[in-house]
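Residue-level structure breakdown
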Amino acid sequence: MNYLKQIRFIMSLGLIIAMTSCSNDSSNGGSTPTAGITCKVDGASVTATDIEASLYTNSVAGGRYIDVYAYQGSNQILEFHFPPKTGSYPANQTMDMSNSWLTYMTNNGLSYPADYFNSTSGTINVTTCDTVNNKIIATFNFIGDNGTLTKNITEGGINISEITHQ
């Protein structure tokens, strides 16, 4: 009888270890991005203080899209346009159902004009896009180009739970 208890204990312990060692599979090292929007711009950490997300129909591009706008104070710093479904979308300034358009903005301390660094390469990997419960989880990275300079946006994470439906 004591032998059976030992076997049950070992099996239970093994099950507990297996269950607690599993992690969420995503492109940022297997973890869910922190709540909000964060990234690194040329190696410097950036965190959005305010976020707006909208689900809408784009009649020109021919489908439903998600737009996400990220701000630091009153200055917009990031903008994302992608299809409202899970998947990996190249960041190449094309709005269609298989691509995304990502932009980093800086105003160098001025209100306007902003300097737009539009994606020329990179990816947004949407792992959760629940438009019923208003939840988006994604990772992203891209190179933004303003025609003169480039910015490397890396280690990006989106984890938001509010979407406006239009």
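Keep in mind that this is a model prediction, so the values were computed, not measured.

1. A short note on the overall build of the protein chain
When its secondary structure is counted, the protein chain shows one helix and eleven strands. Secondary structure of the protein chain in N-to-C order comes out as α-β-β-β-β-β-β-β-β-β-β-β. The buried share among the 166 residues of the protein chain stands at 36%. Long-range contacts, defined as pairs at least 24 residues apart, comprise 49% of the intrachain contacts of the protein chain with a sequence gap of at least 6.

2. Quick notes on the pattern of salt bridges
Counted by the stated rule, this structure contains two salt bridges. Taking the shortest distance from any N to any O, the salt bridge between aspartate 42 and lysine 151 comes out at 3.8 Å. With aspartate 42 in the loop between strand E1 (36–41) and strand E2 (44–47) and lysine 151 in strand E10 (residues 150–160), this residue pair connects regions lying 109 residues apart in the sequence. Residue classification places lysine 151 among the partly exposed positions, given a relative accessible area of 22%.

3. Digging into unusual backbone geometry
With phi around 60°, glutamine 93 is a residue other than glycine that occupies positive phi space. Relative to the helices and strands, glutamine 93 resides in the loop between strand E6 (87–90) and strand E7 (101–106). For asparagine 134, which is not a glycine, the phi torsion comes out positive at approximately 60°. In this fold, asparagine 134 is placed in the loop between strand E8 (115–130) and strand E9 (135–145).

4. Observations concerning the nonpolar core
Of all hydrophobic cores here, the largest spans 30 residues; its most connected members are Ile37, Leu78, Phe80, Ile124, Phe140 and Ile158. If sequence neighbours within four positions are ignored, isoleucine 124 has contacts with Phe80, Phe82, Gly87, Ser88, Tyr89, Ser100, Leu102, Ala138, Thr139, Phe140 and Ile158.

5. Notes on the side chain of threonine 106
Tracing the chain through its elements places threonine 106 in strand E7. Sequence-distant contacts of threonine 106, defined by excluding residues within four places in its chain, comprise Ala114, Asp115 and Phe117.

Definitions and limits used
Residues numbered from 1 in each chain as written. Predicted model: local features only at pLDDT ≥ 70, side-chain atom pairs only at ≥ 80, totals over all residues. Heavy atoms only, no water. Helix = DSSP H or I, 4+ residues; strand = E, 2+ residues; numbered from the N terminus. Buried < 20%, exposed > 50% of the residue type's maximum accessible area, 1.4 Å probe, protein only. Contact = heavy atoms within 4.5 Å. Salt bridge = Lys/Arg side-chain N within 4 Å of Asp/Glu carboxyl O. Core = buried A, V, L, I, M, F, W, Y, C linked by side-chain atoms within 4.5 Å.

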